[in-house]
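Structural overview
In case you want the letters, here they are:
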Number of protein chains: 2
Amino acid sequence: MTDSSQPTGAAAFESAHRLSGGRPDLTAIDPHGKPAFDGDKKAGKKALAGLGDELADLQERLFATRAVGARHRILLVLQGMDTSGKGGTLRHTVGLVDPQGVAITSFKAPTEEELAHDFLWRIRRALPEPGFVGVFDRSHYEDVLIARVRELADPAELERRYDAINDFEAELVDQGTVVVKCMLHISAEEQRERLLARLDDPTKHWKFNPGDIDERRVWPAYREAYEIALERTHTEVAPWYVIPGDRKWYRNLAVGHLLLGALQRLDLQWPEADFDVAEQRARLVAEEPVA
Amino acid sequence: MTDSSQPTGAAAFESAHRLSGGRPDLTAIDPHGKPAFDGDKKAGKKALAGLGDELADLQERLFATRAVGARHRILLVLQGMDTSGKGGTLRHTVGLVDPQGVAITSFKAPTEEELAHDFLWRIRRALPEPGFVGVFDRSHYEDVLIARVRELADPAELERRYDAINDFEAELVDQGTVVVKCMLHISAEEQRERLLARLDDPTKHWKFNPGDIDERRVWPAYREAYEIALERTHTEVAPWYVIPGDRKWYRNLAVGHLLLGALQRLDLQWPEADFDVAEQRARLVAEEPVA
């Protein structure tokens, strides 16, 4: 990263983690890597904290555009195996911006009502309003991941879903949404350590589900499902980023930069006043005491 | 606060700001006061930051109770005149806890669809799920505040609404919700300063609405509407707190303590594992490599 021709800031993380198209080989992406950052954990945490002011400023600008009827919004999609750090990313990275402007939806196994509708029905209902940073903790991608691995949908339906997802995301982008899709990529060994750590700590038992071990045992099938989904739904308008997740601090820093880059691309300006500032000031200055 | 018989921590703020019943006289409550805290602004900000760990721990326990089917939730209601600091409280106080466990709803002027229903319809739809800290930035109280001042409802309907609110909140409490109602109490002079500051700063123009000055001109009518609403809806199960709001740091600290007190009263324990920890550990330790 010392070569001055290399991208820096958000562009460095985008360029390091954006898929290039075709079927990705997840075994070739090091979950322990930190290719867009030269420093250690301490420096990485400091760098993340250092993003806070700019993230908060841009998020407030985004929120302000609501007032003038703009339709911009961010949709950050977080996908990954159990313990890959979706929750930690929410806390440490998304937690850097004003909670007023954030709308988080955690998708669980679909309810009976949700199953009675098309898989995108519940997703559409959860879309952020204009001005918001929406975050999906799991998403419509579960419907081509666990659905593929556990054969909850037949092959023709899976095919239909990849296309439906691409159409849906293109529609969102057309409406002014910036879609940022992150796969948090951890190693099976790291997952084992994290699951063991949950078992060792009684305050973490509520996060542990014996079913997580069953899912883990079909890890190669999930890897394949991810690789297919990433290939089929990595588009120019809604690209995928694969974020190495074994180092929590790097994962947080990388997602922070992707969020920053998304906000920067909107080139958000503070809305112009739709009133005469001097006139309003005069009203306030001249007024009789009101209380 | 040096008298050792005085309450400390959350209890000190609750005792200082909880209404005692009957018609409150808001002119007798100093908006610049800081009765539950001895220190200055710097110490107050430090004290608020110092609440962060305990708030985050208790909020996570609350969230964890979802996993075992508990029905507890917090509903923090923020009311106050324009610029009274509802947004700042969200950012600085509510922002201390994990955004995953927070559900914020900002109520604006009702839509046509909302107006076609009873005033509590949109409120019920926005209630937090069990395990969440829900925050209402404005609330059903607008329907007895602006509705009274601007005669959007006739006197009989207003009477009905006070009773309906009490029934509704009692129902919430019966269901396991802790309801914390805060009126952020600022002086008219402080509001004028804050409105002028918004006019002076182009990055704040989007927050300014000329209609705010019109509302300000009927300040005494709002004060009366608040006093009546506070009297009619201050109940044992869902009491009101009037928080001095002229000092932003004190307001944040006070609401932080009320939120802390609400969480403490739930006496939240980490859920017991519903699986055999040793058995799950053995499954993980003994397994063949999965990837």
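Counting restarts for each chain, with residues numbered from 1 along the sequence as it is written. Chain letters start at A and ligand numbers start at 1, both assigned in the order the entries are written. Owing to the predicted nature of the model, reporting of local features is limited to residues with pLDDT of at least 70; listing and counting of side-chain atom pairs is limited to 80 or more, with chain, interface and lining totals taken over all residues. Water and hydrogen atoms play no part in the side-chain values, which are based on all heavy atoms of the structure.

**A closer look at the overall build of chain A**
Of the regular secondary structure elements, chain A holds 12 helices and 5 strands. Radius of gyration (C-alpha) of chain A: 21 Å, near the 19 Å computed for a compact globule of 291 residues. If you line up chain A on its principal axes, its C-alpha atoms span 75 × 50 × 45 Å. Long-range pairs, those at least 24 residues apart, make up 82% of the contacts in chain A between residues at least 6 apart in sequence. Each accessible area is a Shrake-Rupley result for a 1.4 Å probe, and residues are judged covered by the shown protein chains and nothing else. Approximately 12900 Å² of chain A is accessible, and the part contributed by carbon and sulfur atoms is 48%. Numbering goes from the N terminus for both helices and strands, where a helix is a DSSP run of H or I of at least four residues and a strand is a run of E of at least two. In this setup the radius of gyration rests on C-alpha atoms only. A globule is expected at 2.2 Å times the number of residues raised to 0.38. By definition in these notes, contact holds between two residues if any of their heavy atoms fall within 4.5 Å.

**Looking at the interface of chain B and chain A**
Counting from both sides, the interface comprises 47 residues of chain B and, opposite them, 47 residues of chain A. Note on terms: buried area is the combined drop in 1.4 Å-probe accessible area of two parts once they are placed together, counting the loss on both. Where chain B abuts chain A, roughly 4700 Å² becomes buried across the two surfaces, and 62% of that area is made up of carbon and sulfur atoms. Taking the shortest distance from any N to any O, the salt bridge between Lys207(A) and Glu60(B) comes out at 3.9 Å. Polar contact criterion, stated in full: a pair of N or O atoms within 3.5 Å, where within protein one must be able to donate a hydrogen and the other to accept it, and residues adjacent in sequence count only if both atoms are side-chain atoms. Joining chain B to chain A, the criterion identifies 16 residue pairs in polar contact (both at pLDDT 80 or more). Ten residues, namely Ala, Val, Leu, Ile, Met, Phe, Trp, Tyr, Cys and Pro, are considered nonpolar, four, namely Asp, Glu, Lys and Arg, are considered charged, and the remaining ones, Gly among them, are considered polar. Among the residues forming the side of chain B that touches chain A, the class breakdown is 26 nonpolar, 6 polar and 15 charged. The working definition used for a salt bridge is a side-chain nitrogen of Lys or Arg within 4 Å of a carboxyl oxygen of Asp or Glu.

**What to know about unusual backbone geometry**
Residue and element names in this part refer to chain B. Of note, the phi angle at arginine 138 is positive, near 65°, even though the residue is not glycine. Tracing the sequence through the fold places arginine 138 in the loop between β3 (133–137) and α6 (146–149). For aspartate 267, which is not glycine, the phi dihedral falls at a positive 50°. You can see aspartate 267 is positioned in the loop between α11 (248–265) and α12 (277–286).

**Focus on the layout of surface pockets**
Gaps between atoms show up when a probe of the same size as a water molecule is rolled over them. Here the second largest pocket is characterised by a volume of approximately 2100 Å³. Along the walls of the second largest pocket sit 46 residues, with Arg125(A), Ile104(B), Thr105(B), Arg125(B) and Ala126(B) positioned nearest its centre. Every element with two or more residues in the lining of the second largest pocket is listed here: β2 (102–106), α4 (112–115) and α5 (121–125) of chain A together with β2 (102–106), α4 (112–115) and α5 (121–125) of chain B. Of the residues in the lining of the second largest pocket, the class split is 24 nonpolar, 8 polar and 14 charged. With a 1 Å grid spanning the protein atoms alone, the term cavity applies to any set of points in which a 1.4 Å probe fits but cannot get out, the term pocket to an open set with protein on both sides within 12 Å along at least five of seven lines, and the term lining residue to any residue with an atom within 4 Å of a point. Grid points are joined across faces, edges and corners, and a volume is the space filled by probe spheres set on the points.

**A closer look at the relation of the copies chain B and chain A**
Our superposition of the copies is a least-squares fit, built on the C-alpha atoms of residues whose pLDDT is at least 70 in both. Of the transformation placing chain B onto chain A, the axial shift is 0.0 Å and the rotation is 180°, giving an RMSD of 0.0 Å. Classification of the inter-copy transformation places it as that of a two-fold axis. Residues of chain B ranked by C-alpha distance from the rotation axis are headed by Pro99(B), positioned 3.3 Å from it. Interface overlap between copies is the fraction of interface residues in one copy that are interface residues in the other; for chain B against chain A it reaches 100%, indicating a shared surface.

**Points about the UniProt feature "domain: Polyphosphate kinase-2-related" (unreviewed entry) in chain A**
UniProt positions are given in the numbering used here, feature names are shortened, and annotations may be inferred rather than shown by experiment. The UniProt entry lists residues 40–265 of chain A under the feature "domain: Polyphosphate kinase-2-related" (unreviewed entry), expressed in the numbering used here. As annotated, residues 40–265 of chain A comprises 52% helix and 14% strand, and the C-alpha atoms at either end are separated by 28 Å.

**Brief notes about empty space enclosed by the protein**
For the structure shown, the criterion picks out 1 cavity of 30 Å³ or more. Of the voids in this model, the largest cavity is the one considered here, and its volume is about 50 Å³. Val94(A), Gly95(A), Val97(A), Pro99(A), Val94(B), Gly95(B), Val97(B), Pro99(B) and Val102(B) are the residues that line the largest cavity.

**So, the confidence of the model for chain A**
Atom-level detail of predicted coordinates should not be read off regions where pLDDT is low. For chain A, the mean per-residue pLDDT works out to 96, and 98% of the residues sit at or above 70. Prediction confidence for the complex, expressed as pTM and ipTM, is 0.95 and 0.93 respectively. Residue-level confidence of the predictor is what pLDDT reports, using numbers from 0 through 100.

**Notes on the packing of helix α12 (residues 277–286) of chain A against helix α8 (residues 188–200) of chain B**
Here α12(A) crosses α8(B) at 165°, and the two axes come no closer than 10 Å. The angle between the axes of α12(A) and α8(B) places the two elements in the roughly antiparallel class. Between α12(A) and α8(B) the crossing geometry is left-handed. For the pair formed by α12(A) and α8(B), the contact residues are Val277(A), Gln280(A), Arg281(A), Leu284(A) and Val285(A) on the first element and Arg192(B), Leu195(B), Leu196(B), Leu199(B) and Asp200(B) on the second. Only the contacting stretch of a helix is used when fitting its axis, a line to C-alpha atoms as for every element, and angles between N-to-C directions run 0 to 180 degrees. In this scheme, roughly parallel covers angles under 35 degrees and roughly antiparallel covers those over 145, while 65 to 115 is roughly perpendicular and the rest are oblique. Should the near helix be turned anticlockwise from the far one by less than a right angle, the crossing is left-handed, and should it be turned clockwise, the crossing is right-handed.

**Brief notes about the pattern of salt bridges**
In the structure shown here, the tally under the stated rule is 48 salt bridges over all chains. Close ionic contact of Glu14(A) with Arg265(A) constitutes a salt bridge, the shortest N to O distance being 2.9 Å. Here Glu14(A) is found in helix α1 (residues 9–17), whereas its partner Arg265(A) is found in helix α11 (residues 248–265), with 251 residues between them in sequence. Judged by its relative accessible area of 15%, Glu14(A) falls in the buried class. Among the salt bridges present, the one from Arg160(B) reaches Asp118(B), with a minimum N-O distance of 2.6 Å. Taken together, the residues Arg160(B) in helix α7 (residues 155–174) and Asp118(B) in the loop between α4 and α5 connect sequence positions 42 residues apart. Note on classification: 1.4 Å probe, protein chains only; a residue is buried when its accessible area is under 20% of the maximum for its type, exposed when over 50%, partly exposed between these limits. The exposure class of Arg160(B) is partly exposed, given its relative accessible area of 36%. A relative accessible area of 36% places Asp118(B) in the partly exposed class.

**Some details on the sheet that holds strand β3 (residues 133–137) of chain A**
Residues and elements named next belong to chain A. Spatial strand order, β2-β3-β1-β4-β5: 5 strands in an open sheet with parallel pairing. In this open sheet, the two edge strands, each paired with only one partner strand, are β2 and β5 (240–244). Within the sheet, the average angular offset between the axes of one strand and its neighbour, ignoring direction, is 20°. Note on pairing: two strands pair once DSSP finds at least 2 bridges between them. Summarising the sheet, β2 and β3 pair through 5 bridges and their orientation is parallel. Looking at β3, one finds that threonine 105 is bridged to phenylalanine 136. Contacting β1 (73–80), β3, β4 (177–185) and β5, α11 crosses the sheet at an angle of about 165° to β4.

**Notes on the sheet that holds strand β1 (residues 73–80) of chain B**
All names here are of chain B. With parallel pairing, 5 strands are arranged side by side in an open sheet as β2-β3-β1-β4-β5. Whereas interior strands pair on both sides, the edge strands pair on one side only; in this sheet they are β2 and β5 (240–244). Ignoring strand direction, the axes of neighbouring strands in this sheet form an average angle of 20°. Here α7 sits on the sheet in contact with β1 and β4 (177–185), set at roughly 135° to β4.

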